[in-house]
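Topology and contacts: notes
One letter stands for each residue in the lines below.
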Amino acid sequence: MAALQRRLVEFAAARDWEPFHTPKNLAVALSVEASELLEIFQWLTPEQAAAVMDDPDSAHRVRDEVADVLAYLLQFCAAVGVDPLTALDAKIDRNELRFPRPERSRGPEIE
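Heads up: these notes are all about the structure in this document. Residue positions within a chain follow its written sequence, with the count starting from 1. The predicted nature of this model means local features are confined to residues of pLDDT at least 70 and side-chain atom pairs, given and counted, to a pLDDT of 80 or more, with totals for whole chains, interfaces and linings taken over all residues. Just so you know, side-chain values use all the structure's heavy atoms and leave hydrogens and water out.

**Looking at the overall build of the protein chain**
Looking only at helices and strands, the protein chain has five helices and zero strands in total. Reading the secondary structure of the protein chain in the N-to-C direction produces α-α-α-α-α. Relative to the globule expectation of 13 Å for 111 residues, the C-alpha radius of gyration of the protein chain, 19 Å, shows a markedly less compact shape. Overall size of the protein chain, expressed as C-alpha extent along the three principal axes, is 65 × 40 × 25 Å. Counting the 111 residues in the protein chain, one finds 16% classified as buried. Working rule for contacts: check all heavy atoms of both residues, and any pair within 4.5 Å makes them a contact. Taking the contacts inside the protein chain whose residues are at least 6 apart along the sequence as the reference set, 65% of them involve residues at least 24 apart. Within the structure as shown, the protein chain displays about 9,000 Å² of accessible surface, and the carbon and sulfur contribution to it stands at 59%. Each helix is a run of DSSP H or I of at least 4 residues and each strand a run of E of at least 2, with the numbering of both proceeding from the N terminus. In this description the radius of gyration comes from C-alpha coordinates, and the expected globular size is given by 2.2 Å times residues to the power 0.38. Three exposure classes are used, based on accessible area relative to the maximum for each residue type with a 1.4 Å probe and protein chains only: buried under 20%, partly exposed in between, and exposed over 50%. All accessible areas in this document rest on Shrake-Rupley with a 1.4 Å probe, and a residue is counted as covered only by the protein chains that are shown.

**Quick word on the packing of aromatic side chains**
Note on aromatic pairs: the rings of Phe, Tyr and Trp (six-membered ring only in Trp) are paired at centre separations within 6.5 Å, and the planes decide the class, stacked below 30 degrees, edge-to-face beyond 60, tilted for the rest. Per the counting criterion, the structure on display carries one aromatic pair. Taking the ring centre of phenylalanine 11 as reference, the NZ or CZ of arginine 15 above it sits at 3.5 Å. Counted as over-ring charges are cases with an Arg CZ or a Lys NZ within 6 Å of the ring centre that also lie within 35 degrees of the ring normal.

**Overview of the side chain of serine 58**
Its location among the elements puts serine 58 in helix 4 (residues 56–80). We define a polar contact as two N or O atoms separated by no more than 3.5 Å, with the added condition that, inside protein, one atom must be a possible hydrogen donor and the other a possible acceptor, whereas residues neighbouring each other in sequence contribute only through side-chain atom pairs. Among the polar contacts made by the side chain of serine 58, one reaches the main-chain carbonyl oxygen of valine 52 at a distance of 2.5 Å.

**A short note on helix 1 (residues 2–14)**
Residues three or four positions apart in an α-helix share a direction because the helix packs 3.6 residues into each turn. A helix is expected to span 1.5 Å multiplied by its residue count minus one. Relative to the 18 Å expected for 13 residues at 1.5 Å per residue, helix 1 spans 18 Å between its end C-alpha atoms, a close match to the ideal helical length. On its buried side, helix 1 packs onto helix 4. Backbone geometry just downstream of helix 1 places aspartate 16 in the positive-phi region, at approximately 55 degrees.

Structure (structure tokens):
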């Protein structure tokens, strides 16, 4: 992950894009790319959405948008000094406290 993050920072630096890669601009770009991922699923039924990766063209679009979202997230994290894996680990810890495991499953009981 760190190597990919460095590669993205170096890619932007080689093109003199740093002045444009402010936290605000990167957050906006991240939102736009996430919206482009969402657009692939817009108006699909749940069944169609579940089968999106079965079609090579739509699967390619999904992979590209996932890559764009991750790229902008990593660039944003670099700009603001956040380690994304540490942040995620801490968030999971907080969620485990907020949402404790139920004592029993919600599925049908088996006798």
